[in-house]
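# Summary of the model geometry
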Amino acid sequence: MNVTYFFRKPFTDYFSIEELFGFIQSGLPDKVEHKNYYLSRPSKGFLDRLRSCFEVVGHQGDVNHITGDVHFIALLLNKQKTVLTIHDLEVLKRLSGLSRAIVKFFWFKMPAHRVRFITVISAFTKTELLKVININPDKVKVVHNCISPAIKHQPYTFNTHKPNILHIGTAHNKNLDRLIEAIAGMNVKLTILGHLRDNHKQLLSKFKIDYENFFNLPYEHVVLRYREADLVSFVSLYEGFGMPIIEANAVGRPVISSNRTSMPEVAGEAALLVDPESIDEIRTAILQIIENQDLRNTLIEKGLENVKRFTPESVAAQYTRIYEIIAGNKT
């Protein structure tokens, strides 16, 4: 059985779809052969997107897997042999009017009706998807993301004097501005992954935060930042999944995350969950982790157990069952 994975034209990002599916492919059984096809054009403009739809036709396998972002290429692929992964619907939250209607049709409604199965990375994403398009819920399968095999447990001694807080992401939904306000006056260091915006720099200066900023890091350097952290902040406003939660779990660092969207589903009991819009709750949670060794140890232990749900082998096995149905080897 041969699976063709279709990817967007690559670009630099913190945690890319390409890396994710590389991890999944590492866990595939020998009976699944695969190849990767990368679009030659970026997803910009109507004509380039239409050309991409024609471009992929000649590269199909026994199973076609659209890995995300370029959902529209489902238009000309063999419907019965195609599975589409939808990571989140955050783009629809940011749009309104005609722009929202266009994106809803070309990124969600049309592709959903042009594929055999849809996989989503969380039950939350499935619920959100079924709110905006009318399809059979049985067509939508929840398959979680997996953790990188490169991430291993790294024991450490917590720096109670000046802990290093690692925060992942600087987009609006990552909620960095509230985190900055929450740690104002604390004797901590803040390590931020992602391009800082002007308002972030102003807040960091205003509250005299000791910080380091990294972006466009190779993945092995991202892993190093986790190892150097004392605790990890992921107090996002919206996530389709929440990979940093399980990355921190795997390294063995206590995590603060949000009590909304997909994050409780991913974290289980392995993170301290807060209302991401409450600066007071974020601050209280950070202080609890800094001041309570038993709480830190409990979160770390539960994190190491939680991450077992997200190994490449377990996630690849779920995809393989879907591929077998599509290829006609299973009912």
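What you see is a predicted model; the values in this text were computed from it and never measured.

### Here's the deal with the packing of aromatic side chains
- Summed over the entire model, instances satisfying the criterion amount to 13 aromatic pairs.
- Geometrically, the ring pair formed by Tyr5 and Tyr323 is edge-to-face, given 6.2 Å between the ring centres and 80° between the ring planes. With Tyr5 in strand β1 (residues 2-7) and Tyr323 in helix α13 (residues 312-326), this pair connects stretches of sequence that are 318 residues apart.
- On the basis of relative accessibility, which here comes to 0%, the residue Tyr5 falls in the buried class.
- Relative accessible area serves as the criterion here: at 0%, Tyr323 is assigned to the buried category.
- Ring centres 6.1 Å apart and planes at 20° place the aromatic pair Tyr319 and Tyr323 in the stacked group. Taken together, the residues Tyr319 and Tyr323, both in helix α13 and four residues apart, mark about one turn of the helix.

### Quick look at the packing of helix α11 (residues 279-291) against helix α12 (residues 293-306)
- Following both chains from N to C, one finds α11 and α12 inclined at 100°, their axes separated by 5 Å at the closest point. On the basis of the axis angle, α11 is roughly perpendicular to α12. Of the residues in α12, those in contact with Gln288, Ile289, Ile290 and Glu291 of α11 are Gln293, Leu295, Arg296 and Leu299.
- Considering only residue class, the contact of α11 with α12 consists of four nonpolar, two polar and two charged.

### So, the sheet that holds strand β2 (residues 33-38)
- An order of β2-β1-β3-β4-β5-β6 is seen for the six strands of this open sheet, with the pairing classed as parallel. With partners counted over all chains shown, the strands left at the sheet margins are β2 and β6 (140-142), one partner each. Shown here is a sheet whose adjacent strand axes are inclined to one another by a mean of 25°, direction ignored.
- Relative to β6, strand β5 (residues 117-120) is paired through three bridges, and the arrangement is parallel. Of the residues in β6, the one forming a bridge with Thr119 is Lys141.

### A look at the pattern of salt bridges
- According to the stated counting rule, one finds 18 salt bridges in the structure shown.
- Arg8 is the partner of Glu18 in a salt bridge, and the nearest nitrogen-oxygen pair spans 3.2 Å. In this pair, Glu18 sits in helix α1 (residues 17-26) while Arg8 sits in the loop between β1 and α1, placing the two residues ten residues apart along the sequence.
- Classification of Glu18 as buried rests on a relative accessible area of 14%.
- The class for Arg8 is buried, based on a relative accessible area of 8%.
- The structure contains a network of salt bridges with shared partners spanning Arg41, Asp48, Arg51 and Glu55.

### Regarding the side chain of Ser258
- Note on placement: Ser258 falls in strand β11 (residues 255-258).
- On the basis of relative accessibility, which here comes to 0%, the residue Ser258 falls in the buried class.
- Here the side chain of Ser258 touches Val235 through a polar contact of 3.5 Å, landing on its backbone oxygen.
- Within the local environment of Ser258, its side chain forms a polar contact with the backbone oxygen of Ser236, the two atoms lying 2.5 Å apart.
- When sequence neighbours within four positions are dropped, the list of residues in contact with Ser258 reads Phe234, Val235, Ser236, Met263, Pro264, Leu273, Val274 and Pro276.

### Some points on the sheet that holds strand β12 (residues 272-274)
- Spatial strand order, β9-β8-β7-β10-β11-β12: six strands in an open sheet with parallel pairing. Each having just a single partner strand, β9 (210-214) and β12 make up the two edges of the open sheet. Taken over all neighbouring pairs, the strand axes of this sheet differ in orientation by 25° on average, direction set aside.
- Here strand β7 (residues 164-168) runs beside strand β8 (residues 189-193); their pairing, made up of five bridges, is parallel. Looking at β8, one finds that Asn164 is bridged to Lys189.
- Packing of α11 onto the sheet brings it into contact with β7, β10 (231-234), β11 and β12, and relative to β12 it is tilted by some 165°.

### Describing unusual backbone geometry
- With a phi close to 75°, Asp69 is a non-glycine residue in the positive phi region.
- Of note, Asp69 is situated in the loop between β3 (63-66) and β4 (82-86).
- For Lys208, which is not glycine, the phi torsion reads 55° and is therefore positive.
- Along the chain, the position of Lys208 falls in the loop between α7 (198-206) and β9.
- The class of Lys208 is exposed, set by a relative accessible area of 74%.

What counts, and at which threshold
- Residues numbered from 1 in each chain as written.
- Predicted model: local features only at pLDDT ≥ 70, side-chain atom pairs only at ≥ 80, totals over all residues.
- Heavy atoms only, no water.
- Phe/Tyr/Trp six-rings, centres within 6.5 Å; stacked < 30°, edge-to-face > 60°.
- Helix = DSSP H or I, 4+ residues; strand = E, 2+ residues; numbered from the N terminus.
- Buried < 20%, exposed > 50% of the residue type's maximum accessible area, 1.4 Å probe, protein only.
- Axes fitted to C-alpha atoms, helices over the stretch in contact; angles between N-to-C directions.
- Parallel < 35°, antiparallel > 145°, perpendicular 65-115°, else oblique.
- Contact = heavy atoms within 4.5 Å.
- Nonpolar A, V, L, I, M, F, W, Y, C, P; charged D, E, K, R; others polar.
- Pairing = 2+ DSSP bridges.
- Salt bridge = Lys/Arg side-chain N within 4 Å of Asp/Glu carboxyl O.
- Polar contact = N/O pair within 3.5 Å; in protein donor to acceptor, adjacent residues only side chain to side chain.

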